[in-house]
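Results of the structural survey
Residue strings, one per chain:
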Amino acid sequence: MSEVAGRALVLDEPLSLWGGMDPATGELIDARHPQRGATLTGRVVVMPSGRGSSSSASVLAEAVRARTAPAAIVLGEPDLILAVGAAVAEELYGVVVPVVVVAAARLAEIVDGAELRIGPDGSLHVGAR
Amino acid sequence: MLSAHDRALLDGELGDGAALAMRLVVRAAEATGATELIDVTRAHVDSCLYHGEATIDFVLRLTDGGARVRIPTTLNIGALDLLHPELYRGDPRTAERGRLLMDRYRALGARPTFTCAPYQLDDARPRLGEQVAWGESNAIAFGNSVLGARTNRYGDFLDIAAAITGRVPYAGLHRTDARRATLVLRLAADVPHALRDADVLFPVLGIVLGRRAGSAVAAIDGLPPGQSEDRLKAIGAAAASSGPVAMFHVVGSTPEAPTLGDALQHQPPEGEEEIGIEVLRAVRDELTTASGERLTAISLGTPHASAAELARYADQLGDRRVHQEVECVVSTGREVMARQPDIVARLRAAGVEILVDTCSYVAPILRNPRGPVMTDSGKWAYYAPGNIGAEVVFGSSRECIESAVAGHVVRDGRLWGGA
């Protein structure tokens with residue numbers, strides 16, 4: 001796995017990809033979410049948790065297939081559903097969407113729009129290379 | 001950590017499909033921090049619902065790679081009713097892809113139950129303490145809480161991977177300590193006694209449980225003991241809609257909670273909260289998004305109606321018919337339907353549509369999905385506005401049946417203590 005980079009999209013509330021992201025467009029579509037209308041494609045999506053519907057794994061894999069997926073996902077707690085969705089996308093399409101977990105304090109320091117890099121070992125770095 | 005059989009799977013000795021499944025189980029173990037895998041004896045697979053071509057690409061990788069399920073495996077709902085395909089009102093191409101996906105999961109050796117309520121099938125019910133791998137949020141909550149089986153929340157892909165390998169990470173609710181209630185939710189003194197024993201309370205209580213507990217295990221205290229499986233089903237389905245609930249206890253009703261102390265595993269809780277009548281009424285009101293008495297449809301059976309629920313709907317209808325200007329759809333499992341031919345015939349004769357293999361908030365079934373649609377299900381009320389754009393009226397089962405006969409919303413004002 002090589003390094004992955006992108007601009008942070010810091011979500012104010014957890015997002016379930018199922019019902020929350022349209023994999024055809026990459027748009028955030030959850031009507032109850034404060035950032036409805038944002039584009040997830042190519043961004044490093046930062047949120048406290050996955051709020052996971054079990055179908056979110058399928059939506060993540062479908063977004064990778066449709067080339068609308070986030071570049072990476074940074075979470076404050078482990079999320080089995082997103083981790084498996086990313087693993088399947090890698091198996092099927094050879095595209096790596098790292099799903100990394102960082103401590104809450106670290107998560108809170110990430111500023112929306114910041115350049116983030118995720119190393120081959122899953123380490124998170126702030127700032128352009 | 002890996003057994004000889006696990007290694008053989010990874011090495012492709014049982015084919016590429018099984019190797020892929022085993023790689024996913026190993027990735028899952030890494031993501032949960034588990035250091036060992038355990039055997040599971042049953043699986044319930046939710047991956048057979050079409051969510052785009054990636055879901056087809058995945059199952060074809062498994063079937064082309066020669067994979068077969070290794071343990072008894074039931075299938076969750078799919079995108080259409082295979083026994084009554086004429087009920088599907090959507091894009092034919094999507095129906096065809098949905099049908100292909102359902103067919104391919106059957107080809108892996110899974111039993112074509114196509115129900116979200118596998119716990120209603122006597123020969124698919126796990127025993128107390130049995131380690132299983134279940135998908136579908138309401139089934140997960142029911143399996144853990146009501147049957148005392150042990151499963152984590154197995155999402156799409158991992159559910160079938162567990163069925164093919166028979167293995168899961170030893171983590172979370174597979175372990176006794178994680179099943180301890182850490183939160184106590186107590187019905188307050190102002191909740192009327194009659195409401196504590198009314199069906200309509202349970203989906204509302206479930207929505208509150210999901211919001212308060214999140215992924216924590218909570219114990220509900222203050223209900224009369226010995227609550228029915230259908231009521232506990234309603235709690236779990238609603239709770240797993242409003243929050244990531246995988247397990248709850250109801251003191252005096254669920255098997256790991258004969259007493260509150262048992263639910264807490266005899267340790268102090270980390271939190272205790274009261275649920276009063278005002279909170280319950282507010283959630284009840286929130287589940288209704290439509291105003292006025294107009295209805296286009298009544299949708300019952302989410303999760304799939306049990307034999308007891310089908311009989312109750314038929315008894316409540318008696319010799320009356322569904323009003324000609326509304327449709328009334330009851331979703332159930334194909335095996336439950338097959339075992340109740342007389343009740344199903346009575347419901348059909350009264351103008352009720354019986355839907356199997358899918359659900360009316362997932363598939364394009366209703367003539368007018370925007371509604372207003374009346375339901376007795378907290379889960380249907382929670383998801384239908386976003387999924388199919390429905391306006392919703394939430395009510396008790398009896399209110400739904402009376403409304404189906406009248407063709408407009410009929411309320412029973414006594415249920416909630418007059419408010």
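Residues numbered from 1 in each chain as written. Chains lettered and ligands numbered in written order. Predicted model: local features only at pLDDT ≥ 70, side-chain atom pairs only at ≥ 80, totals over all residues. Heavy atoms only, no water.

Within chain B, the regular secondary structure consists of 16 helices and 14 strands. Projecting the C-alpha coordinates of chain B onto the three principal axes gives extents of approximately 65 × 55 × 35 Å. Put simply, chain B has 419 residues, and 63% of those count as buried. Look at the contacts in chain B between residues 6 or more apart in sequence, and 76% of them connect residues 24 or more apart. Carbon and sulfur atoms make up 49% of the accessible area of chain B, which totals about 15,000 Å². Here chain B contributes 44 positively and 53 negatively charged side chains, and the mean placements of these two sets differ by 1 Å. (Helix = DSSP H or I, 4+ residues; strand = E, 2+ residues; numbered from the N terminus. Buried < 20%, exposed > 50% of the residue type's maximum accessible area, 1.4 Å probe, protein only. Contact = heavy atoms within 4.5 Å. Areas by Shrake-Rupley, 256 points an atom, 1.4 Å probe, with all protein chains shown as cover. Lys, Arg positive; Asp, Glu negative; His and termini not counted. Charge placed at Lys NZ, Arg CZ, Asp CG, Glu CD.)

What follows deals with the overall build of chain A. Scanning chain A from N- to C-terminus turns up 3 helices and 8 strands. The secondary structure elements of chain A, listed N-terminal to C-terminal, are β-β-β-β-α-β-α-β-α-β-β. Relative to the 2.2 N^0.38 estimate, which gives 14 Å for 129 residues, the radius of gyration of chain A is 13 Å and therefore close to what a compact globule would have. Along the first, second and third principal axes, the C-alpha set of chain A runs to 35 × 30 × 25 Å. In chain A, which comprises 129 residues, the share counted as buried stands at 55%. Within chain A, contacts between residues at least 6 apart in sequence are counted, and of these 71% link residues at least 24 apart. About 5,300 Å² of surface is accessible on chain A, with carbon and sulfur atoms providing 49% of the total. (Rg over C-alpha atoms; globule rule 2.2 N^0.38 Å.)

All names here are of chain A. Here 6 strands make up an open sheet; going across it, the order is β6-β5-β4-β1-β7-β8 and the pairing mixed. The sheet terminates laterally at β6 (99-101) and β8 (124-126), the two strands that pair on one side only. Each adjacent strand pair in this sheet contributes to an overall mean axis angle of 30 degrees, direction not counted. Pairing of strand β5 (residues 72-75) with β6 involves 3 bridges; the strand directions are parallel. Residue Ile73 lies in a different strand from β6, and its bridge partner there is Val99. (Pairing = 2+ DSSP bridges. Axes fitted to C-alpha atoms, helices over the stretch in contact; angles between N-to-C directions.)

Now for the pairing of strand β4 (residues 44-47) of chain A. Here is the key point about a regular strand: its side chains alternate between the two faces of the sheet. All names here are of chain A. Of the two faces of β4, both are covered, the one formed by Val44 and Val46 as well as the one formed by Val45 and Met47. Bridging between strand β1 (residues 4-10) and β4 involves 3 bridges; their strand directions are parallel. Its bridge partner lying in β4, Val10 is registered against Val46. One ladder, built from 4 bridges, connects β4 with β5; its direction is parallel. When the sheet's bridge partners are listed, Val44 is paired in β5 with Ala72.

Turning to the pattern of salt bridges, a few remarks are in order. Residue and element names in this part refer to chain B. All told, the structure shown has 34 salt bridges over all chains when counted by the stated rule. In this structure, Glu130 engages Arg42 in a salt bridge whose closest nitrogen and oxygen atoms are separated by 3.0 Å. Placement of the pair is Glu130 in the loop between α4 (92-107) and β4 (133-134) and Arg42 in the loop between β1 (37-39) and β2 (43-45), with a sequence separation of 88 residues. Between Asp357 and Arg334 there is a salt bridge; the shortest N-O distance is 2.9 Å. (Salt bridge = Lys/Arg side-chain N within 4 Å of Asp/Glu carboxyl O.)

Before going further, it helps to spend a moment on the interface of chain A and chain B. Residue-level contacts link 23 residues of chain A with 26 residues of chain B. Note on chain A versus chain B: buried area summed over both sides is about 2,300 Å², and carbon and sulfur give 60% of it. Interface area lost by chain A to chain B is led by A:Trp18, A:Leu80 and A:Glu91, which between them contribute 25%. Linking chain A with chain B are 2 salt bridges, by the criterion used here. Across the salt bridge formed by B:Arg23 and A:Glu91, the nearest N and O atoms sit 2.6 Å from each other. Run the count over chain A and chain B and you get 10 residue pairs in polar contact (both at pLDDT 80 or more). Taken together, the elements giving at least two residues each to the side of chain A that touches chain B come down to α1 (56-65) and α2 (80-93) of chain A. Tallied by class, residues from the side of chain A that touches chain B come to 12 nonpolar, 6 polar and 5 charged. (Buried area = accessible area lost by both parts, 1.4 Å probe. Polar contact = N/O pair within 3.5 Å; in protein donor to acceptor, adjacent residues only side chain to side chain. Nonpolar A, V, L, I, M, F, W, Y, C, P; charged D, E, K, R; others polar.)

Let us look at the packing of α2(A) against helix α2 (residues 16-32) of chain B. Between α2(A) and α2(B), whose axes approach to 9 Å, the crossing angle comes to 140 degrees. Relative to α2(B), the crossing made by α2(A) is right-handed. For the pair formed by α2(A) and α2(B), the contact residues are A:Leu80, A:Ala83, A:Val84, A:Ala87, A:Val88, A:Glu90 and A:Glu91 on the first element and B:Leu20, B:Arg23, B:Leu24, B:Arg27, B:Ala28, B:Ala31 and B:Thr32 on the second. Residue composition of the contact of α2(A) with α2(B), grouped by class: 9 nonpolar, 1 polar and 4 charged. (Left-handed = near helix turned anticlockwise from the far one by under 90°.)

Here the focus is the packing of aromatic side chains. Residue and element names in this part refer to chain B. The final tally for this structure, using the stated rule, is 5 aromatic pairs over all chains. Between Phe58 and Phe157, the aromatic rings sit 4.6 Å apart at their centres with planes inclined by 65 degrees, giving edge-to-face as the arrangement. With Phe58 in helix α3 (residues 53-64) and Phe157 in the loop between α5 (137-147) and α6 (158-165), this pair connects stretches of sequence that are 99 residues apart. Grouping residues by exposure puts Phe58 and Phe157 together as buried. Their ring planes at 90 degrees and their centres at 5.6 Å tell us that Tyr382 and Tyr383 sit as a pair that is edge-to-face. In this pair, the class of Tyr382 matches that of Tyr383, namely buried. (Phe/Tyr/Trp six-rings, centres within 6.5 Å; stacked < 30°, edge-to-face > 60°.)

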